[in-house]
Amino acid sequence: MRIFLFSVLLLLLTSCGVARVNYDYDNQTDFNSYTTYNYFTDMETGLGQLDEKRLMDALDATLGEKGFMFAEEPDIFINIKSSVFKSQQGNNVGVGLGGGGGNLGGGVSIGIPVGGPKLTRELQIDFVDSNKDMLIWQAISESPFREGDTPTEKSEKLQAVVDKIFSKYPPK
């Protein structure tokens, strides 16, 4: 019974993965000098309208907490790109059959994939200095994605990804 409970707990922990985030930035930039933002008007996010609104709401809330204000003539413009892809399957169960007699032995083994391919959402957020027209900061996150999530779950997951992305902003 303990093995069964441990297996269920392990499955739950591995299925609820956290976003991984990679950062890059211009180390000559004084990030404390930026106080206002806006979004590029011709932005192609790769998200549906509702998910785009959820993401922008999460960004607005998080940037507000960081001291940013939305402005028509901002210090930085934000560009967003998103895509969903199937990640490689890594879980297999091995089944083997073997036998032998005398001085001979033999065996056959196969790997059976467990579960289907997992979907991953890549989200890229770029900060562009509006005066210099230069990329100054970029974050690229990868997080688990499920198509069947409820609107509330989608909002919570997008907010969690945005929180993770901005946990190391401004860079030090």
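This structure is a prediction, so every number in the text was calculated from the model and none was measured.

S.K.: Is there a simple way to explain the environment of leucine 55 in this structure?
M.R.: Checked against the element boundaries, leucine 55 lands in helix α2 (residues 49-65). Of the residues examined, leucine 55 reaches a relative accessible area of 0% and is grouped as buried. Along the sequence, leucine 55 and valine 161 sit 106 residues apart, while their C-alpha atoms lie 9.4 Å from each other. Contacts of leucine 55, omitting those with residues within four sequence positions, involve Leu47, Ile80, Leu123, Leu158 and Val162.

S.K.: Got a minute to help me understand the pattern of salt bridges in this structure?
M.R.: Oppositely charged side chains may form a pair once their charged atoms are brought near each other. According to the stated counting rule, one finds six salt bridges in the structure shown. Of the charged contacts in the structure, one is a salt bridge between arginine 121 and aspartate 51, with a shortest N-O distance of 3.7 Å. Residue arginine 121 is located in strand β7 (residues 118-129), and its partner aspartate 51 is located in helix α2; the two are separated by 70 residues in the primary sequence. Grouping residues by exposure puts arginine 121 and aspartate 51 together as buried. Its salt-bridge partner being aspartate 149, residue arginine 146 comes within 2.9 Å of it at the nearest N-O pair. Note on arginine 146: relative accessible area 48%, which makes it partly exposed. Residue classification places aspartate 149 among the buried residues on the basis of a relative accessible area of 8%.

S.K.: Would you take a moment to explain the nonpolar core for this structure?
M.R.: General note: in soluble globular proteins, nonpolar side chains tend to be found buried as a group. By size, the foremost hydrophobic cluster in this structure holds 29 residues, and its most contacted members are Ile80, Ile125, Phe127, Trp137, Ile165 and Phe166. Secondary structure elements with two or more residues in this core: β2 (36-39), α2, β4 (76-87), β7, β8 (134-145) and α3 (151-165). With five residues, α2 is the largest single contributor of residues to this core. Excluding anything up to four places from it in sequence, phenylalanine 166 contacts Leu59, Thr62, Leu63, Lys66, Ile125, Phe127 and Trp137.

S.K.: Explain unusual backbone geometry here, please?
M.R.: The residue after tyrosine 169, namely proline 170, is reached through a cis peptide bond having omega -5°. By the secondary structure assignment, proline 170 is in the segment after α3. In this structure, aspartate 133 is a non-glycine residue whose phi angle is positive, near 50°. By relative accessible area, aspartate 133 is classed as exposed at 66%.

S.K.: Please clarify how the confidence of the model for the chain should be interpreted in this entry.
M.R.: Detailed reading of the predicted coordinates is not advisable wherever pLDDT falls low. Scored by pLDDT, the chain comes out at a mean of 83, with 73% of its residues at no less than 70. Model confidence for the chain, summarised as mean pLDDT per element, is weakest for helix α1 (residues 2-15) at 46 and strongest for strand β3 (residues 69-70) at 98. In the predicted structure, residues 4-16 sits below a pLDDT of 50 and forms zero contacts with residues beyond four places in sequence or in another chain.

Calculation criteria
Residues numbered from 1 in each chain as written. Predicted model: local features only at pLDDT ≥ 70, side-chain atom pairs only at ≥ 80, totals over all residues. Heavy atoms only, no water. Helix = DSSP H or I, 4+ residues; strand = E, 2+ residues; numbered from the N terminus. Buried < 20%, exposed > 50% of the residue type's maximum accessible area, 1.4 Å probe, protein only. Contact = heavy atoms within 4.5 Å. Salt bridge = Lys/Arg side-chain N within 4 Å of Asp/Glu carboxyl O. Core = buried A, V, L, I, M, F, W, Y, C linked by side-chain atoms within 4.5 Å. pLDDT = per-residue confidence, 0-100.

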